[in-house]
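Survey of secondary and tertiary structure
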Amino acid sequence: MSRQYKKETICIQSGWKPGNGEPRVLPIYQSTTFKYESSEQMGRLFDLEESGYFYSRLQNPTNDYVAAKICELEGGVAAMLTSSGQAACHFAVFNICEAGDHVVMSSTVYGGTFNLLTCTMKKMGIGCTVVDPDAPEEEIAKAFKPNTKCVFAETIANPALVVLDLEKFARLAHDHQVPLIVDNTFATPINCNPFAWGADIVVHSTTKYMDGHAMAVGGCIVDSGHFDWSACPDKFPGLCTPDESYHGITYTEKFGKAAYITKATSQLMRDLGSIQSPQNAFLLNVGLETLPLRMERHCYNALKTAEYLERHDKVAWVNYPGLKGNKYYDLAQKYMPNGTCGVISFGLKGGRQAAAQMMDHLELAAIVTHVADARTSVLHPASHTHRQMNDEQLREAGVAPDLIRLSVGLEHIEDIIADLEQAISKVS
Ligand SMILES: *Cc1c(COP(=O)(O)O)cnc(C)c1O
């Protein structure tokens, strides 16, 4: 079969493809370990001479079928699931950075990733320079150092909703011989394929739209196979020189385009764990089957809600990249013409206090530390997810103190708007 299937078909049909008499639905391989007939065969697995499963801390078949589906959706060559989106971000960077190295990161990334790069990985000896993603290219170029190993940014920033100029960032990264790692969680591969615009590695928090039902925390890393690590072996010794912990194999020589994901599996998963549970991978797979349908409705409901809020006289501002007149409308049209995501941010004229008051009156939308699932939810980042940041850091991250993050769900649009209407009307 030579036909290249559309994303709707990939979401339903890819990954697990049962053979004769096998279960129609992806099985959950609820097993820590796998059995072999000979000691020699097991030995060959440990030498990476043969591929196969031996222990679910490193790899599990259920996970790999789901990773293969996401890989196909993104147009990559290899992928792995991780226990969370944070684990995916960590591994994606740590797979090519070690103590003494440096990362260039967009200032508007998710709060957890901001902490990971600027605090936790700093303690591991990996430096990070934060850049304004909207700054001119020459300005951002100044952040690069000889020890810079990657650039990290989000296609649609959570919660700032800044749309990344992917081509600009890919150019900056490649001019400095390093890969562009993009967190594509909010856009999902349904609305944006960063590899088509020059990104080299994509990460996801599958916890969000991919699962879509707020059931399973998880992450994913996908490699485009485009970045030529061996063109700069001095920059990426972990991939281009022998790995002593694997009998001196060199990943780029032995695994070619699968080098990056193979190293992440056989080194980082082996030593640090953080694999997704097969149960969660199963739930993620169920979510993926309806992802295109759900994204379409999330985007429709979000646009209607944004338009409603924009017209409201108690609303000070609305930020949704799908709104005409939004600062990022043109970039969104270019990189995600079918829609952006279901998340909106807005502020009320009464500021921070009005935000809290309004949220307390919501009946349908719930206050939860989560976005991007079927249920409409709200959050006030300055008092919740980003509360460890000072005002200056908040502004740098594109988060105003009065910002309300509204994740528009799949309820009927009239019910969503009616709930907002009654809550806003109670704000004094
Ligand atoms: C939620 C989120 C993360 C972290 O993912 P977890 O699954 O919660 O660990 C990373 N990046 C973005 C853009 C997110 O929205």
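All of these numbers come straight from a predicted model, not from anything done at the bench.

Describing the side chain of Asp373
Looking at the element boundaries, Asp373 is found in the loop between β10 (366-367) and β11 (377-379). Asp373 gets classed as buried once you look at its relative accessible area, which sits at 3%. Setting aside anything within four residues of it in sequence, one finds Asp373 in contact with Gly212, His213, Ala214, His298, Ser407 and Gly409.

Quick notes on the domain arrangement of the chain
The assigned domain composition of the chain is domain 1 (7-287) and domain 2 (292-425). Relative to domain 2, the C-alpha centre of domain 1 lies at a distance of 29 Å. Every contact between the two is made by 38 residues of domain 1 and, on the other side, 38 residues of domain 2. Around 3,200 Å² of area is buried between domain 1 and domain 2 when both sides are counted, 63% of it from carbon and sulfur atoms. A per-residue breakdown of the area domain 1 buries against domain 2 is headed by Leu161, Asn191 and Tyr209, which together make up 23% of the total. Inspection of the region where domain 1 meets domain 2 yields two salt bridges. A salt bridge links Asp134 to Lys327, with the shortest nitrogen-to-oxygen separation between them at 3.2 Å. For the pair domain 1 and domain 2, the interface holds 18 residue pairs in polar contact (both at pLDDT 80 or more). When residues of the side of domain 1 that touches domain 2 are traced back to their parent elements, those giving at least two are α1 (7-13), α5 (111-123), α7 (166-175) and α8 (188-191). When the residues that make up the side of domain 1 that touches domain 2 are grouped by side-chain class, the tally is 19 nonpolar, 12 polar and seven charged.

A short note on the pattern of salt bridges
Applying the stated criterion to the full structure yields 10 salt bridges. Its salt-bridge partner being Glu137, residue Arg171 comes within 2.8 Å of it at the nearest N-O pair. Of this pair, Arg171 sits in helix α7 while Glu137 sits in helix α6 (residues 137-141), and the two are 34 residues apart along the sequence. Look at Arg171 and you get partly exposed, because its relative accessible area is 40%. The shortest N-O distance in the salt bridge between Arg270 and Asp271 comes to 2.7 Å.

Parameters and conventions
Numbers given for residues are sequential positions, taken from 1 along each chain in its written order. Per-residue local features of the predicted model are confined to residues with pLDDT of at least 70, and side-chain atom pairs are confined, for both listing and counting, to 80 or more; whole-chain, interface and lining totals are unaffected and use all residues. To obtain the side-chain values, all non-hydrogen atoms of the structure were included, while hydrogens and water were left out. Comment: elements are numbered from the N terminus, with helices defined as DSSP H or I runs of at least four residues and strands as E runs of at least two. The rule is simple: take the accessible area with a 1.4 Å probe, protein chains only, and divide by the maximum for that residue type; under 20% is buried, over 50% is exposed, in between is partly exposed. Contacts are assigned to residue pairs with any non-hydrogen atoms lying within 4.5 Å of each other. Note: domain ranges come from an automatic or database domain assignment. In short, buried area is how much 1.4 Å probe accessible area vanishes from two parts on joining, totalled over both. Counted as salt bridges are all cases of a side-chain nitrogen of Lys or Arg within 4 Å of a carboxyl oxygen of Asp or Glu. Here a polar contact means two N or O atoms within 3.5 Å. Within protein one must be a hydrogen donor candidate and the other an acceptor candidate, and residues neighboring in sequence count only if both atoms are side-chain atoms. As a working rule, the residues Ala, Val, Leu, Ile, Met, Phe, Trp, Tyr, Cys and Pro are called nonpolar, Asp, Glu, Lys and Arg charged, and the rest polar, with Gly in that last group.

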